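This is what each chain is made of:
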Amino acid sequence: MEVRIEESWKTQLQSEFEKPYFKQLTEFVRSEYLSQTIYPPAKLIFNAFEQCPFDQVKVVILGQDPYHGPGQAHGLCFSVNDGVDFPPSLRNIFKEIQADTGAPIPTSGNLERWAKQGVLLLNATLTVRAHQAGSHQKRGWEQFTDSVIHLVADKLEHVVFILWGNYAISKGEFIDARNHLVLKSVHPSPLSASRGFFGNRQFSTANQYLEDNGKDPILW
């Protein structure tokens, strides 16, 4: 089937798009956009792939659901559009970056600047109903994003996988740590950040690993 997604990803994922589950998922998502308020806007469902082509992936950060409030989600996990207030988890991410690397807190929560440097900002579920967290879970998106993670882990080398919280950690269990760097911690949510997210120094650790393997570090 024809899926509008960045060309390098389209090539890699074409067989996935032909599977029955993905066709059912497509029908479900299409009907939801016609009958409900769904985030992100339909044209931005695959924005994470658009901003970070397959062969440019250096880091994968895994989220769970898109933001479900108006104007926030734009297809990149943890990221919000320019001019939108930082959600609590994103604010904590920026605090840790500042403590870890010395980089100042940015004025915008738009993380396209990371994506363009090779950070795949992937939610496990790519769509959600307005104000209904988890409403599009267990419809097929998780199978699709599992296949994306497998693809990156199997075909690329020396990628940093950053997994925050039990859900992300369980989703990345199959990644071969001999070929990649897998960084795990509690989630940056205010409910857990003080129990091991703050002080994890994963941003500088990721950059050191990239440099050790001949890749440019990320300007966090």
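What counts and what doesn't
Residues numbered from 1 in each chain as written. Predicted model: local features only at pLDDT ≥ 70, side-chain atom pairs only at ≥ 80, totals over all residues. Heavy atoms only, no water. Helix = DSSP H or I, 4+ residues; strand = E, 2+ residues; numbered from the N terminus. Expected span 1.5 Å × (residues − 1). Buried < 20%, exposed > 50% of the residue type's maximum accessible area, 1.4 Å probe, protein only. Contact = heavy atoms within 4.5 Å. Pairing = 2+ DSSP bridges. Disulfide = S-S within 2.5 Å.

Undergrad: Help me understand helix 4 (residues 88-101), please; the structure alone is not making it clear to me.
TA: Side chains that are three or four residues apart share a direction in an α-helix, a result of its 3.6 residues per turn. Compared with the 20 Å implied by 1.5 Å per residue over 14 residues, the 20 Å span of helix 4 between its first and last C-alpha is a close match. Every buried residue belonging to helix 4 is among Ser89, Leu90, Asn92, Ile93, Phe94, Glu96, Ile97 and Asp100, and all of these are buried. Elements in contact with the buried residues of helix 4: helix 5 (112-115), strand 5 (160-164) and helix 8 (202-212). Phi for Gly102, located one or two positions after helix 4, is positive at around 85°.

Undergrad: Help me out: how do you make sense of the pairing of strand 3 (residues 119-123) in this one?
TA: Regular strands show a simple pattern: their side chains alternate between the two faces of the sheet. Within strand 3, five of the five residues are buried, which leaves the element mostly enclosed by the surrounding structure. Direction of pairing for strand 2 (residues 59-63) relative to strand 3: parallel, over a ladder of five bridges. Bridge pairing in strand 3 places Val59 opposite Val119.

Undergrad: Just checking my understanding: could you explain unusual backbone geometry for this structure?
TA: When glycine is set aside, most residues are seen to have a negative phi, and most peptide bonds are trans. Between Tyr39 and the following residue, Pro40, the backbone shows a cis peptide bond with an omega angle of -5°. Assignment of secondary structure puts Pro40 in the loop between strand 1 (38-39) and helix 3 (47-51). A positive phi angle, near 65°, is found at His131, a position not held by glycine. Within the secondary structure, His131 sits in the loop between strand 4 (128-129) and helix 6 (141-155). We classify His131 as exposed; its relative accessible area is 57%.

Undergrad: It is not clear to me how the state of the cysteines should be interpreted in this structure. Could you clarify?
TA: Among covalent bonds in proteins, the disulfide is the one between the sulfur atoms of two cysteines. Within the structure shown, the criterion is met by zero disulfides. Free of any disulfide, Cys77 has its nearest cysteine sulfur in Cys52, 11 Å distant. With a relative accessible area of 0%, Cys77 lands in the buried category.

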